[in-house]
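Architecture at a glance
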Amino acid sequence: MSKLLVIESSARQEGSISRQLTEDFLAKWRAAHPADSITIRDLAKSPVPHLDETLLGGWMKPAEQQSAAEQAALARSNELIQELLDADVLVLAAPMYNFAIPSTLKAWLDHVLRAGVTFKYTEAGPQGLLSGKRAYVLTARGGIYSGTALDHQEPYLRQALAFIGIHDVTFIHAEGLNMGAEFSAKGLSQARERLAEVA
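A short tour of the structure in this document, coming up. This structure is a prediction, so every number in the text was calculated from the model and none was measured. (Residues numbered from 1 in each chain as written. Predicted model: local features only at pLDDT ≥ 70, side-chain atom pairs only at ≥ 80, totals over all residues. Heavy atoms only, no water.)

Observations regarding the overall build of the chain
Of the regular secondary structure elements, the chain holds six helices and seven strands. Helices and strands appear in the chain in the N-to-C order β-α-β-α-α-β-α-β-β-β-α-β-α. Rg of the C-alpha trace for the chain: 18 Å, near the compact-globule value of 16 Å for 199 residues, within the 12% margin. Seen through its principal axes, the chain has C-alpha atoms that stretch 60 × 35 × 35 Å. The proportion of buried residues among the 199 residues of the chain is 46%. Sequence-distant contacts, at least 24 apart, represent 75% of the contacts inside the chain between residues at least 6 apart. Of the roughly 10000 Å² of accessible surface on the chain, a fraction of 51% belongs to carbon and sulfur atoms. Where the 19 positive side-chain charges of the chain centre and where its 23 negative ones centre are 2 Å apart. (Helix = DSSP H or I, 4+ residues; strand = E, 2+ residues; numbered from the N terminus. Rg over C-alpha atoms; globule rule 2.2 N^0.38 Å. Buried < 20%, exposed > 50% of the residue type's maximum accessible area, 1.4 Å probe, protein only. Contact = heavy atoms within 4.5 Å. Areas by Shrake-Rupley, 256 points an atom, 1.4 Å probe, with all protein chains shown as cover. Lys, Arg positive; Asp, Glu negative; His and termini not counted. Charge placed at Lys NZ, Arg CZ, Asp CG, Glu CD.)

Let's talk about the pairing of strand E3 (residues 89-95)
Of all seven residues in E3, seven are buried; the element is thus mostly enclosed. Here E3 shows two buried faces, one formed by Val 89, Val 91, Ala 93 and Pro 95 and the other by Leu 90, Leu 92 and Ala 94. Note that strand E1 (residues 3-8) and E3 share five bridges and pair parallel. Among the inter-strand pairings, Leu 5 is bridged to a residue of E3, identified as Leu 90. Across seven bridges, E3 lies against strand E6 (residues 134-140) in parallel orientation. Looking across to E6, one finds that Ala 93 is bridged to Leu 138. (Pairing = 2+ DSSP bridges.)

Regarding helix H1 (residues 17-32)
Given a rise of 1.5 Å per residue, 16 residues ought to cover 22 Å, and the 23 Å separating the end C-alpha atoms of H1 matches this to within 8%. Along H1, the positions that sit buried rather than exposed are Ile 17, Ser 18, Arg 19, Leu 21, Thr 22, Asp 24, Phe 25, Leu 26 and Trp 29. (Expected span 1.5 Å × (residues − 1).)

So far we have only geometry, and geometry alone does not tell us how the molecule works.
Written as structure tokens, this is what we have:
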């Protein structure tokens, strides 16, 4: 039995293509792996605060020197990291906003990319500590950006996940969604075909 952690980051609840892709993915996954457990964290419904001095204090100060706010920030970071540690499979639903990821997803990453916990520094350089996990990234894009210099989404997420040891990453892009009905239908159809292959 595997454990899935699903991170939703679309600002929209209704009409979100990335959320539709998540639903499709999970339906297929449940059919193929009915015993697996699934945890869903919705960053639009329950936003994670952006990295600030309070969180840094929770990370860096000795416990006896932490304020109540710093202790709460540390506890939140610990909770998010524990969800990730417990998961065998990570699913990120990430619409493209302004050529990159939503700020809510960046905030989540800022909480879970943590020195000494999910990665460490060695004489040979940084080493990820979450080896053995798989990740699927489901994206929704208004234009067609794969393989272009304007795609700051996939390269960033690949680097961030690799930094903590997650190298087995599959991207499924629904592209051209704002380029007219024909492009939109084709982009969504191709994404759903790819979902069926991997889930």
